[in-house]
Structures are given as C-alpha cells and as structure tokens.
Amino acid sequence: MHGHLNILTFDIEDWYHINYPQLDFKAFDCKEDHSSLFSAVKKILSILKERKTKATFFILGRIAEKKPEMVLSIAEDGHEIALHGYEHYLLKDIGEERFKRETERCIKIFDGITGKTPKGFRAPSWSAAQWLFSVLKKMGLEYDASIFPVKTPLYGIPDAPRQPFFVEDGLLEIPTSVFRLAGKNIAFSGGVYFKIFPQLIIKRAVNQVKREGLPLIFFFHPWDLWDRPGKLPGFKTRFMFNLKLGDVEKRFVKLIDTLPMNSIASVLEDLKKGVEVKEVSF
Ligand SMILES: [Zn+2]
C-alpha cells in the first residue's frame, strides 16, 4: 500500500509545446531562448525550497541543450531530472527508431549537464506506445510515467491500472493519479484539471485515492501556475488554456503546504514494494 506517498512532478516544456496539429513547434522554437520559461522555473524552485519540497522534473532534451543552466539549477536544488522526449512529439508520430535515437541523445545531454543518468521517462502528452517499455528497459531506465488511466481525445488508457505496476521485468510504471466517479476514472491531479476543478473536488479525490492506499502523483507545467507568455492559435485552444478557478499559484502553494511531497526517485524503492506485473492493453 502506498497511501502515504505523495509525488510531485513537473513537465518542463515551453508554452507552445502542446500537441495540437495546428501548432508548429519549430516556428516558435527558432526564436525562443526559453528565458521566460527559466523565470517561471526559478519561481517554482523558490516555492519548493521555502517548503523543503523535492520534485521530479521531466525536461525536454531540446530545451536542456539550449538552457543547460536551467537544468543545473534544478539539479543543484536536489530535485530529480527525468526525460520528457527531445522535442514534444507524440510517440506514435515519431516511431520506435527515432524515439530510440532521441532518447539516447537526451540521456547524453542530461548526463553531460548533471553527471547523473536519468532514471525515468514521461511521454509528451502521455502518448505511451506498446513498444515504449521494452525500449526504456533496454536503455537502463528504471521507471516510466507515461500512462494516464483516463479517456481524452488526445491521450489516455482508461482501463490501465491506477496503481504502480511492473510493465517489463524490472521497469516500473507509475500511472498519473485519477479518482473514480460514477464508474469512470476522472483526472484531477494537475494541469488543466487542477486549474478548473473547485478545491472541494480536489480534496475529495485526494481523500479517495489515499483511502484506497494508492500513491498520489501530481503533475504541473510552469504555464499551469502562470499565464502563457505567448498567444496560442485558435479561440477554442486559448479558451481551454485560459480557463482557471482562482489564483492557481496560491492553490498550488496551499496543496504542497497540506501534503508533504517527494520526487519519484526518492520513493522509487517504496513504490516497487509489493507491486505486481501487469499487461496493459492499448
Ligand atoms: Zn509535456
């Protein structure tokens, strides 16, 4: 049972790295130096430092190449650095071979900056593919966090287990937290869900997950806490990403004041205890 484990994760990408077909990352990326992203990361680091909280940061390889000092400042504060892909493409769009090449490249980039080999991976937009786990295992990674047991138009494996499980011999899968409502899995623990759900729903979800003895896995992006510095294309996209309830930064701070959080690496051995091997259907 893992009901005492609360895990905080961040996906470090820039404001235009959302997987919408109408958005071409490259058009933005050539003129982006990620300095506003770094300012947001600095604010996150200072919030965490004040509260002696450690987190896992899944960082894009391309951003790490351009902003190694950002990666270093995260690592120097004692947080875990993990992989989030080289750019931010869905795994099905880049395929197994390109994924392997890019992941090897990312491991080298982070190794070169921090002197440490990352242990974990989260796919951009939770775009897990059937081949992913054996590739990660062969590369020596210890865990994956690419499964979100919900149904959305972009991602999710709604019938995946809600608790950590082994997908390959020794490779631990750590699914993002969901709670059960009216027979369905509902997301709540970060991103747009945390921004739009009232405090009461979040509290209810947290309590339910804890009662079930499951770990809590939270996920945030810098642009969940503060407004995106750039303008997303399309009214619907802008509407969805601008939606929020109250001051998200304040609500985030309250959350980590209420629940003591850890990085994945610091509780990985605990997470592996008593966990079974399970198949996931895609
Ligand atoms: Zn992402």
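Note that this is a predicted model, so its numbers are computed, not measured. (Residues numbered from 1 in each chain as written. Predicted model: local features only at pLDDT ≥ 70, side-chain atom pairs only at ≥ 80, totals over all residues.)

A. Region of the structure containing helix α8 (residues 199-211). With 13 residues, α8 ought to run about 18 Å at 1.5 Å a step, and its terminal C-alpha atoms sit 18 Å apart, in line with that. Elements that come into contact with the buried residues of α8 comprise β8 (178-181) and β10 (216-220). (Helix = DSSP H or I, 4+ residues; strand = E, 2+ residues; numbered from the N terminus. Expected span 1.5 Å × (residues − 1). Contact = placed C-beta atoms within 7 Å.)

B. Layout of the pairing of strand β6 (residues 165-168). Here β6 runs beside strand β7 (residues 171-173); their pairing, made up of three bridges, is antiparallel. Bridge pairing in β7 links E168 to L171. The antiparallel pairing of β6 with β7 creates a hairpin that spans two residues between the two strands, and G170 there sits at a positive phi of about 85°. (Pairing = 2+ DSSP bridges.)

C. Representation of the packing of helix α4 (residues 68-76) against helix α5 (residues 91-114) within the structure. Two elements in contact, α4 and α5, have axes separated by 9 Å at closest approach and are oriented at 65°. Our pair here, α4 against α5, has a crossing hand that is right-handed. Together, P68, V71, L72 and A75 of α4 and F110, I113 and T114 of α5 make up the contact between the two elements. Here the contact of α4 with α5 is built from residues that sort into six nonpolar, one polar and no charged. (Axes fitted to C-alpha atoms, helices over the stretch in contact; angles between N-to-C directions. Left-handed = near helix turned anticlockwise from the far one by under 90°. Nonpolar A, V, L, I, M, F, W, Y, C, P; charged D, E, K, R; others polar.)

D. The packing of helix α2 (residues 35-50) against α4, seen in detail. At a minimum axis distance of 11 Å, the contact between α2 and α4 shows a crossing angle of 5°. As summarised for this structure, α2 and α4 are arranged roughly parallel, according to the angle between their axes. Residues F38, V41 and L45 of α2 form the contact with α4, whose participating residues are M70, S73 and I74. A breakdown of the residues in the contact of α2 with α4 according to their chemical character gives five nonpolar, one polar and no charged. (Parallel < 35°, antiparallel > 145°, perpendicular 65-115°, else oblique.)

By themselves, these are just geometric observations and shouldn't be taken as functional.
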